[in-house]
Structure formats: structure tokens, C-alpha cells
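Reading the structure
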Amino acid sequence: MNIVVCVKYVPDATADRRFESDNTVDRVDVDGLLSELDEYAVEQALQIKEKRADEEIEVTALTVGPEKAVDAVRKALQMGADKAIHVVDDAIAGSDAIATSLVLAEAIKKAGGEKPVDLVVCGLASTDASMSVVPAMLAERLGLPQVTLASVVETQGDQVRIKRDTDTATEVVGGTMPLVLSVTDQSGEARYPSFKGIMAAKKKPLETWSLGDLGVDAGQVGLSVAWTQVEETAARPPRTAGEIVKDEDGSGAKALADFLASKKFI
Ligand SMILES: Cc1cc2nc3c(=O)[nH]c(=O)nc-3n(C[C@H](O)[C@H](O)[C@H](O)COP(=O)(O)OP(=O)(O)OC[C@H]3O[C@@H](n4cnc5c(N)ncnc54)[C@H](O)[C@@H]3O)c2cc1C
């Protein structure tokens, strides 16, 4: 079985994040990492492989992003993926979800080679743009069914059954492979790379592909053909100092109540 896990390289939310002058995210001059939500996708792909140990299963980590995005697939290799593909091309910068899904879909087709991909695993959303649309776009582009937002994943033969938790119910959804699966952060804690895994990752195959390798025209991707454009961004105003209510003359309780009432808390 061929499994491809899509992992996105995103700016580290705990570090300094910036926008470029064209209002796209600066992904080059900031610290980045494998999107935490995509670690759950890697984990589920590895668990499927481990549960079906008597079958030949290959897990490929795939990322589309700038030079530094290779760190995302390296981490997936350290966690246990068998091989990795990094699609990098200057023309991809500023792409919207539609163009990103085009590049990913063509890479998934090429990754399968003569043995088409059976399962595409994605995260719930990226931690930077958070649109949660790429898995559905991949299903459409690849002509595959999708089972999305899984909190529990089970596979048997070519069948995939997931549980999807909504506000009011838990749905059980099934599909037949090949298909696209996306998993949530409830699907199971992602493993940390072990020392052995980190060392083993150095010897695993990692391919770098350009748009030309995928037969994608540079004019189909990038900011200039994005369907929407971010016109303006503004930093959230810094927090103002809190108001301290003192109770030196016994008026503290009233002052506190007045404050809460003024904010309509009581
Ligand atoms: C500040 C800012 C400005 C933006 N400007 C624009 C703009 O001007 N115009 C515009 O149309 N869009 C813009 N975007 C949106 C952004 O470029 C797209 O949303 C993005 O390319 C793909 O969508 P997503 O990250 O929301 O993916 P999601 O749909 O949230 O991702 C779901 C899953 O798909 C997979 N995936 C997604 N991307 C990749 C990848 N690159 N490699 C591997 N796997 C992946 C992962 O498994 C991920 O968990 C902007 C976003 C931000 C934060």
C-alpha cells in the first residue's frame, strides 16, 4: 500500500512572525516547523502501517514550500516515514489554496508512479492559514472520495472507517481506498522522533521536485493568479495595563462591582 502524508511547513507560532510587503506570510526569514496539526496525520499513517505489519506499506511525506520547508519532511522521516518529497519552486510563493492543491495533486500522482497512491493523509488545517480546504480540493483534483476530520481511524482491507465528532453527534463515515483522509488533533498523540529515528532519517530517500518535474506551468501558481488577495494586515494592538481595584477604605467591593457592571459582566 502507498500512503502519502501531506505536511506543511509553517512559521513557528511561538517565534516572531511577519508578513511580506505583498501581505503574504514571510516563510523564508522566520523560524518554521512542521505544522503541529500535520504531526497527527503522520502519526495516523504510521499507525496504519504498524497495525498492518504483514503488508508492504510505504509512507511518503510530501511538502510544498520554500527551501526551508525541507525541515517539515525531515521531521516526518524522523518520526518514521519511509521517504520524502519536497516540491520547491520560486514560482509557488504566494500561492492560494487552489494552486497549492494543484501542485500537491500532481506530486501525489507522480509519487505513486506505476503503483498509484492508495491513501492521502492530511491534517485538520494548517496552523498558519487554517482554511481546512486543501484535503477536499485534493479529493476533487484526484477524483477520489474523501473522509475528513477523523478523530478515530480504522482500516481493514481497502475499507476506511472514521469517526467524526460534531457539536451534536459523532458520525461514522466509511469509504473505499483509494481516498483522501484528514485527521484532527483528537486522533491520537503524535510520537516524538526517537534518537534512533533521527539517525535513521539521515539515510532515507528525500527527493526534491520542481514545477517542471510535475508538468505544472508556472503561470498556474503564485500570487498573481490567486483568486483572492489579502489587501491589508494590521498587528493586534498591544494589551493595555489592567485596572487594579484597591480596597484601602472599604470601597473595593463597590468599585469592583461598578467595574464589572460597566463591562456588562454583571
Ligand atoms: C497572511 C496570509 C496571507 C495570505 N494571502 C493569501 C492571498 O493573498 N490569496 C490567497 O488566495 N490565499 C492567501 N492565503 C492563504 C494561503 O496561501 C492558503 O490558504 C494556503 O496555500 C493553503 O491553504 P491552507 O494552508 O489554509 O491549508 P489547509 O486547507 O488549512 O490545510 C489542510 C491540510 O492540507 C495539507 N497542506 C496544506 N498546504 C500544504 C503544503 N503547502 N504542503 C503540504 N501539505 C499541505 C496539510 O495536510 C494540511 O493540514 C494567505 C494566508 C495567510 C496566513
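To start, this report covers the structure provided alongside it. Note that the structure is predicted; figures quoted are calculated from it, not measured. (Residues numbered from 1 in each chain as written. Predicted model: local features only at pLDDT ≥ 70, side-chain atom pairs only at ≥ 80, totals over all residues. Heavy atoms only, no water.)

I3, V5, V7, L119, V121, L181 and V183 are the most contacted members of the largest nonpolar core, which totals 39 residues. Listing elements by their share of this core, those giving two or more residues are β1 (2–6), α1 (36–51), β4 (58–64), α2 (70–79), β6 (119–122), β7 (146–150), β9 (159–165) and β11 (179–183). By residue number, the principal contributor to this core is α1, which donates 7 residues. With residues near it in sequence (within four places) discarded, V121 still touches I3, V4, V5, C6, A41, A45, L181 and V183. (Core = buried A, V, L, I, M, F, W, Y, C linked by side-chain atoms within 4.5 Å. Buried < 20%, exposed > 50% of the residue type's maximum accessible area, 1.4 Å probe, protein only. Helix = DSSP H or I, 4+ residues; strand = E, 2+ residues; numbered from the N terminus. Contact = heavy atoms within 4.5 Å.)

What follows concerns the sheet that holds strand β10 (residues 170–176). The strands making up a sheet are joined through hydrogen bonds of the backbone, oriented either antiparallel or parallel. As summarised here, the arrangement of the 3 strands in space is β8-β9-β10, forming an open sheet in which the pairing is antiparallel. Unpaired on one side and paired on the other, β8 (152–156) and β10 mark the two borders of the sheet. Shown here is a sheet whose adjacent strand axes are inclined to one another by a mean of 15 degrees, direction ignored. (Pairing = 2+ DSSP bridges. Axes fitted to C-alpha atoms, helices over the stretch in contact; angles between N-to-C directions.)

Take the side chain of T24 next. Structurally, T24 can be placed in the loop between β2 (9–11) and β3 (32–34). On the basis of relative accessible area, T24 is assigned to the buried category, the value being 17%. Among the polar contacts made by the side chain of T24, one reaches the side chain of D22 at a distance of 2.6 Å. Among residues more than four places away in sequence, those in contact with T24 are F19, G94 and L223. (Polar contact = N/O pair within 3.5 Å; in protein donor to acceptor, adjacent residues only side chain to side chain.)

Along an α-helix, a turn takes 3.6 residues, which lines up residues three or four apart on a common side. Residues of helix α4 (residues 134–142) that are buried: P135, L138, A139 and L142. Seen from one end, α4 has its buried residues packed into an arc of 100 degrees, which puts them on one side. Close packing links the buried residues of α4 with β1, α3 (97–112), β6, β7 and β11. Directly beyond the C-terminal end of α4, a positive phi value near 65 degrees is found at G143. (Arc of directions from axis to C-beta.)

Attention now moves to the pattern of salt bridges. Inspection of the entire model under this criterion finds 11 salt bridges. The partner of D71 in a salt bridge is R74, and the shortest N-O contact between them spans 3.8 Å. Remark: R74 and D71 occur in helix α2; sequence separation between them is 3 residues, near one turn of the helix. Here D258 ties to K254 by a salt bridge, and the two come within 2.8 Å at their closest N and O atoms. Pair noted here: D258 and K254 are both in helix α7 (residues 252–262), with a separation of 4 residues, about one helical turn. Given a relative accessible area of 40%, D258 falls into the partly exposed group. On the basis of relative accessible area, K254 is assigned to the exposed category, the value being 57%. The structure contains a network of salt bridges with shared partners spanning E43, E50 and R191. (Salt bridge = Lys/Arg side-chain N within 4 Å of Asp/Glu carboxyl O.)

This next bit is on the sheet that holds β11. Taken together, 7 strands build an open sheet; the order of strands is β7-β11-β6-β1-β4-β5-β12 and the sheet is parallel. Looking along the sheet, the strands with just one partner apiece sit at the ends: β7 and β12 (206–209). Taken pair by pair, the neighbouring strands of this sheet meet at an average axis angle of 20 degrees, ignoring direction. For strand β5 (residues 83–87) and β12, the ladder comprises 4 bridges, and the chain directions are parallel. Residue pairing for β12: A84 is matched across the bridge by L206. Lying on the sheet, α1 is in contact with β1, β4, β6 and β11; it crosses β1 at an angle near 165 degrees.

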